Amino acid sequence: MSVSAGLVRHPDRLLPVEPSVRAIARRLYGSVRDLPIVSPHGHVDARLLADDAPFPDPSALLVTPDHYVTRLLHASGVPLGDLGVGRGPLPEEESRRVWRRVCARWHVFRGTPVRYWLEAELAEVFDVQERPTAENADAIYDQVATCLAKDTYRPRGLFERFGIEVLATTDDPCDDLAPHARLAADPAFTGRVLPAFRPDRYLEATRPDWLAAVARLGEVADTDTGSYRGWVAAMEQRRAYFVRHGATSTDHSHDDVGTEPLAAAEAERIYRAALTGNATAREGAALRRHMLLEMARMSCDDGLTMMLHPAVRRGHHRPTLTAYGPDTGHDIPIRVEFTDALRPLLERFGTHPNLRLVLFTLDETTYSRELAPLAGFYPSVYLGAPWWFLDAPDAVLRFRAAVTETTGFTRTAGFIDDARGFCSIPVRHDMARRLDSGFLARLVAEHRLDEDEALDVLADLVTGRPRAVFRL
Amino acid sequence: MSVSAGLVRHPDRLLPVEPSVRAIARRLYGSVRDLPIVSPHGHVDARLLADDAPFPDPSALLVTPDHYVTRLLHASGVPLGDLGVGRGPLPEEESRRVWRRVCARWHVFRGTPVRYWLEAELAEVFDVQERPTAENADAIYDQVATCLAKDTYRPRGLFERFGIEVLATTDDPCDDLAPHARLAADPAFTGRVLPAFRPDRYLEATRPDWLAAVARLGEVADTDTGSYRGWVAAMEQRRAYFVRHGATSTDHSHDDVGTEPLAAAEAERIYRAALTGNATAREGAALRRHMLLEMARMSCDDGLTMMLHPAVRRGHHRPTLTAYGPDTGHDIPIRVEFTDALRPLLERFGTHPNLRLVLFTLDETTYSRELAPLAGFYPSVYLGAPWWFLDAPDAVLRFRAAVTETTGFTRTAGFIDDARGFCSIPVRHDMARRLDSGFLARLVAEHRLDEDEALDVLADLVTGRPRAVFRL
Amino acid sequence: MSVSAGLVRHPDRLLPVEPSVRAIARRLYGSVRDLPIVSPHGHVDARLLADDAPFPDPSALLVTPDHYVTRLLHASGVPLGDLGVGRGPLPEEESRRVWRRVCARWHVFRGTPVRYWLEAELAEVFDVQERPTAENADAIYDQVATCLAKDTYRPRGLFERFGIEVLATTDDPCDDLAPHARLAADPAFTGRVLPAFRPDRYLEATRPDWLAAVARLGEVADTDTGSYRGWVAAMEQRRAYFVRHGATSTDHSHDDVGTEPLAAAEAERIYRAALTGNATAREGAALRRHMLLEMARMSCDDGLTMMLHPAVRRGHHRPTLTAYGPDTGHDIPIRVEFTDALRPLLERFGTHPNLRLVLFTLDETTYSRELAPLAGFYPSVYLGAPWWFLDAPDAVLRFRAAVTETTGFTRTAGFIDDARGFCSIPVRHDMARRLDSGFLARLVAEHRLDEDEALDVLADLVTGRPRAVFRL
């Protein structure tokens, strides 16, 4: 239906259109384009770099594991099974069929950042010149596959080529972090790959997998987790283990960000009830909020930056969850509230010199109403970059417009890619640099900021903020 | 106070201002400007076309029945009675007085789409050249009245002149659809005018008019509606009747979009309690949610596209409701939630090949947080066009900016005019085409989309999406 | 870190960038730039003008009392004590140290309106030419201090220089309004300084300071406030006192805008229970909603325009509240609901010819969903200007874009500065005029409004609306 056409790779892409603003934006962008990548949060597996094995094939690299890509194809009528989801490594012919399906439906991505990222990856990493179509799918597949067979396309080669200075992974508290240790000990690898502590399921005492999780936590920490007090000790022990392996942050994603404390005896009572399956959902939520406050207290002690990514209904379509597992494209955001939910935490630790709390949201209503006012007073609070569905050009500009007037630039945490696709890391950072350049250029053109200041802000956003906020 | 001036009818109206973007937008708009109108949802009465009687007078055509127009005049201090609301046909002199009141307050519409629509209708349909004022009110009245007396200004003539290909009406399940049948049987009329099934009041078991409604439903369907089971059978019967008369959709507007099912016995129990006036408001709401889920099940069976228009507090000002009836300008939106409310429906039918669920909202917070993520996964879910207060230039662009990055263009349902004023249909569709052209032109100018793709998207939005989503 | 640079004072600042739009905006702005300032709501103390004493020093004028300024410095790590907060007049050397701290952290204000206001005040009121830095802090301090010592920089001189026509203050119902009386009686002062009635704490029957408040109210009004009936009488008495002193408005800020009435006996019962400390929080809220409705009834009687500024969690960080008092930068907004909450009030008084109800919000979600639809029907409802965190360039344009299409311009109340810093009054009004000029210029450039109409709208927003809505 569409003739084969070039990939969208204009040098001014994503910059504002008005010529005088674009000229400013170009200068700003030029000043940060080649700065190193600091990535304090994402979902790349450290094993990838520790093993440095070649990527298997184009679909496994760009499609199957990335719910950003598969969800829109699913919406357009392609069953997830036809995209290889949940099936492990695919035989060559199947992988090629997956790729063909993607290319034939390239139009469903129009206007989305997924489209932008994929085209940028194809063009810049694999030198593909044509927009994918049903007709050229095989040729593009072959071109990418040929690249992947080369040594320079193995993970470490790309890591270096992408200019990544620091990359944080996301890890279970019970993880032994062996790949991180191997990388740190490997003189041939000079990048920094740091773990991050993600304890969500240990805080959800009424979820089916909690019992097994805390049992394992007890083993790994060599601490009896049969009491709440023991749970706290085990958590502190594992955080210390992570710190020794270079971690500088924790990450938390629950339905809400409640931090109301329980009396010590009540926390203990609910914890023990949960161990015997006798805690109610309401008690489980109350305990989780108490635990989250406890995590903030630990951060004051050990200095781990605390990230909150709340309010997503995970696995919204249970039949798909059952058939294909989690992270398969049907996690749907819900409304969230920060002002009252975080008050217990902030009254206790909001001015603590050691706490850094980075708040993310998928509920844009909280930007100007709650998040920016909070970050504009509490020295511990920083605003995380627009995340997930909101890591996209218009959404990023909405974020900056909504929070800057109330809280400036210094209270934001810099760009955080949250990437799953390894090759999307550089294009995501590049997109963020372009968008912030455009936003700042507008302020300059409207005479709200001088260009020297805009240059200073931009450099701070690209490397200064993430290094400071995540202690990198 | 203002001198008489020309109507705002610039050929580039509503297109982006920056010259390079406007040039692209002009080309895009030019490619769809003359495409036929596909109108899958609105409030024109089929009798209008079946009878093809001349419109009575300018006020009856443009003012009195249109709460978009009367509400702002009421806010500015004109009692609804002085606008002829709720009074049936007006004598000539009264109608003229109404028109004078409107023209004298033309400034209260500045910046609103109502102003834009009215001026476009006056200029394009009636060849009026001057902006209305107190001074020229009578002259404009006469000019419009003279037109209305002509044969070419009768409903069918305008239908043809407007280029309407399909027009859906909104109808009560008990309606016999006789005007639709007359139109379908009339060889002199070649347009398609289809009914749509709007069963709201049959689902609200604790509202005062429910008892009479289900009694009548039983009669019309020749089915005993003395039980929930009977209600279901009667509904299925009436839907089938609508399908035989060409209907392709149902429409639903309730306080929320809850779809939690009840146990069969519980549904039956509440239904019977309601028949004797013994159901509580809470039970009524629970039954309505169960019934809405049942409607989705029926849509899987009979293929009727299901529209949801939730969360409006109808008749907010009860004294006005009592004096002038419903739809008199004081329906006020309330907050709404989709993620959890629709989960029962989507877990059951969200991937059903026969279901098409079109979601509308007046709560813009749900665009990026809930609606776009849902439509970006579920093949059954489509996003309806911005509706009612949001069917306006800036609001439409906010909608596109908020949903496109998450769900692209293919998951939206195309423009839906929801019009009450017959003459506003073409100007509303024209406005939508201009706005989508402008939105796409920006993406092209920012190098996020190529122009060939933008042309393809635009044609799909104008005719492709509505035909596909509403099976027209 | 940054070299000393000029203050941002370009004549086109804040106007749209695109040349053809900017040209229109310049013409519009030029037509209102020099109109007098009508300020129907703010927080300047009438004593300031009555006494006409010189301002003490630059920090006391520009920093210490202004939580807009101190909060961002606090977030950046400066304790409030180091900014002189809560400490009364500072010795010269301390005041200078405060000023140095501000200048050294000038960059934290980048992109905020606080930065814009401060620079505009320094440049236009004190003729400062350089952007503040650590290096030039003392020189700027000296320059401002030198000015403040001059007669022309005393409050009345600035009042005249700023072109203020009317200035409303905010006052406790028990205030004797003596400064207002002195000003009114002073033939040497020709401006209008009017009180506004702010009874918040008298409506919160379960707050610690309520008992003392109503006792004092009883004394001042010479009315027994030992019953609800007595409270009503005392309130009416004080409102009449305010009216005699020129007041034209009341102002109300509570957690919500509920107006559900209680039965008379129930109101009396709760009131008396509260007097003995036996009312629950829920009863206190119910009584407050009943009282707010009573206030609306009084407004119908005495014609005082009623402002609602709801939904802020005051004193969010209790340790700071305890140490430094209220209004110290940690009032954080919460979600709010208008549609249902105001319904009891609007059903009773929404079409009353004497009521003017001005609604403000910090929850932008209510703009298009609730506020604009309400103001677009009820003749009594007006939308207040974007307030507090939202009184900023991008936020103001979001407000206009969100409400204009639904309710036009005539249903908005004009600019309201809500200023605490006396010297920020003219720059805030100037900012509003620039932003409205830019918004209207865009509508003209998009051919949605003619320029003669835009000129008319703008003049109405600047002086017409506030005079009419606040009966000035």
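Predicted model only: the values in this text are computed from it and were never measured.

J.: Please explain the overall build of chain A as it appears in this structure.
T.: Within chain A, the secondary structure is distributed over 19 helices and nine strands. Over its C-alpha atoms chain A spans a radius of gyration of 23 Å, differing by no more than 12% from the 23 Å that the globule rule assigns to 472 residues. With the C-alpha coordinates aligned to their principal axes, the bounding extent of chain A is approximately 70 × 60 × 45 Å. Within chain A, buried positions represent 65% of all 472 residues. Of the contacts formed within chain A by residues at least 6 apart in sequence, a portion of 77% connects residues at least 24 apart. Distance between charge centroids for chain A: 2 Å, based on 57 positive and 67 negative side chains.

J.: Looking at this structure, I do not really get the relation of the copies chain C and chain B. What am I missing?
T.: Each of the two chain copies can be generated from the other by rotation about an axis followed by a shift along it. Expressed as a screw operation, the relation of chain C to chain B combines 0.0 Å of axial shift with a rotation of 120 degrees, fitting to an RMSD of 0.0 Å. Such a combination of rotation and displacement between the chain copies is what one expects of a three-fold axis. The share of interface residues of chain C whose copies in chain B are also at the interface is only 6%, consistent with the copies meeting through different surfaces.

J.: I'm lost on the pairing of strand E2 (residues 164-168) of chain A in this one. Help?
T.: Regular strands show a simple pattern: their side chains alternate between the two faces of the sheet. Residue and element names in this part refer to chain A. Most of E2 sits inside the fold, with four of its five residues counted as buried. Where strand E1 (residues 37-39) lies against E2, three bridges are found, and the strand directions are parallel. The residue bridging Val38 from the neighbouring strand is Val166, located in E2. As paired elements, E2 and strand E3 (residues 192-194) share three bridges and run parallel to each other. Paired with Leu167 across the strands is Val193, a residue of E3.

J.: When you look at the environment of Arg467(B) in this model, what are you seeing that I'm missing?
T.: Residues and elements named next belong to chain B. Turning to its location among the elements, Arg467 is positioned in helix H19 (residues 451-469). For the pair Arg467 and Ser299, spaced 168 residues apart in sequence, the C-alpha to C-alpha distance is 17 Å. Once residues lying within four places of it in the same chain are set aside, the contact partners of Arg467 are Pro36, Val38, Glu165 and Leu472.

J.: I tried to follow helix H18 (residues 424-445) of chain A on my own but got confused; where do I start?
T.: Residues that lie three or four places apart on an α-helix share one face, since the helix turns once every 3.6 residues. Taking 1.5 Å of rise per residue, the 22 residues of H18(A) would be expected to cover 32 Å, and the 31 Å separating its terminal C-alpha atoms lies within 8% of that figure. Of all 22 residues that make up H18(A), 21 are buried, and the element is covered over most of its length.

J.: Any chance you could explain the sheet that holds strand E3 (residues 192-194) of chain B here in plain terms?
T.: In any sheet, the strands associate via hydrogen bonds between backbone groups, in a parallel or an antiparallel arrangement. Residues and elements named next belong to chain B. The strand order across the open sheet built from three strands is E1-E2-E3, with neighbouring strands paired in parallel fashion. Two strands bound the open sheet, and with one partner strand each, they are strand E1 (37-39) and E3. Strand-to-strand twist in this sheet, taken as the mean axis angle between neighbours without regard to direction, amounts to 10 degrees. Contacts from helix H18 (residues 424-445) reach E1 and strand E2 (164-168) within the one sheet, and its direction differs from that of E1 by about 105 degrees.

J.: Would you mind going over the domain arrangement of chain A with me for this structure?
T.: Many structure descriptions define interface size as the accessible area lost when the parts assemble. All names here are of chain A. What the domain assignment reports for chain A is domain 1 (56-150) and domain 2 (156-469). Between the C-alpha centres of domain 1 and domain 2 the distance comes to 29 Å. Taken together, the contacts link 16 residues of domain 1 with 21 residues of domain 2. Of all residues in domain 1, the largest losses of buried area upon contact with domain 2 belong to His67, Tyr68 and Trp117, amounting jointly to 34% of the total for that side.

J.: Sorry, what's going on with the interface of chain C and chain B here?
T.: Opposite the 47 residues of chain C that make contact, chain B presents 53 residues. Of all residues in chain C, Arg369(C), Phe377(C) and Glu405(C) bury the most surface against chain B, accounting for 19% of the area lost on that side. Where chain C packs against chain B, one counts eleven salt bridges. The salt bridge partner of Glu453(C) is Arg115(B), with a shortest N-O separation of 2.7 Å. Our count for the contact surface shared by chain C and chain B stands at 28 residue pairs in polar contact (both at pLDDT 80 or more). Listed by contribution, the elements that provide at least two residues to the side of chain C that touches chain B are helix H1 (19-32), helix H15 (343-349), helix H16 (365-375), helix H17 (393-407), helix H18 (424-445) and helix H19 (451-469) of chain C. Ranked by the residues each element gives to the side of chain C that touches chain B, the list is headed by H16(C), at eight residues. Of the residues in the side of chain C that touches chain B, the class split is 18 nonpolar, twelve polar and 17 charged.

J.: Can you walk me through helix H12 (residues 264-275) of chain C in this structure?
T.: All names here are of chain C. Helix length check: H12, at twelve residues, gives a terminal C-alpha distance of 17 Å against a target of 16 Å (1.5 Å per residue), a fit within 8%. By the burial criterion, the buried members of H12 are Ala267, Glu268, Ile270, Tyr271, Ala273 and Ala274. The inward-facing, buried residues of H12 abut helix H10 (210-221), helix H11 (228-244) and helix H13 (281-302). Positive phi appears at Gly277, one or two residues downstream of H12, with a value of about 70 degrees.

Here is what the cut-offs are and how they apply
- Residues numbered from 1 in each chain as written.
- Chains lettered and ligands numbered in written order.
- Predicted model: local features only at pLDDT ≥ 70, side-chain atom pairs only at ≥ 80, totals over all residues.
- Heavy atoms only, no water.
- Helix = DSSP H or I, 4+ residues; strand = E, 2+ residues; numbered from the N terminus.
- Rg over C-alpha atoms; globule rule 2.2 N^0.38 Å.
- Buried < 20%, exposed > 50% of the residue type's maximum accessible area, 1.4 Å probe, protein only.
- Contact = heavy atoms within 4.5 Å.
- Lys, Arg positive; Asp, Glu negative; His and termini not counted.
- Charge placed at Lys NZ, Arg CZ, Asp CG, Glu CD.
- Least-squares fit on C-alpha atoms with pLDDT ≥ 70 in both.
- Pairing = 2+ DSSP bridges.
- Expected span 1.5 Å × (residues − 1).
- Axes fitted to C-alpha atoms, helices over the stretch in contact; angles between N-to-C directions.
- Domains from an automatic or database assignment.
- Buried area = accessible area lost by both parts, 1.4 Å probe.
- Salt bridge = Lys/Arg side-chain N within 4 Å of Asp/Glu carboxyl O.
- Polar contact = N/O pair within 3.5 Å; in protein donor to acceptor, adjacent residues only side chain to side chain.
- Nonpolar A, V, L, I, M, F, W, Y, C, P; charged D, E, K, R; others polar.

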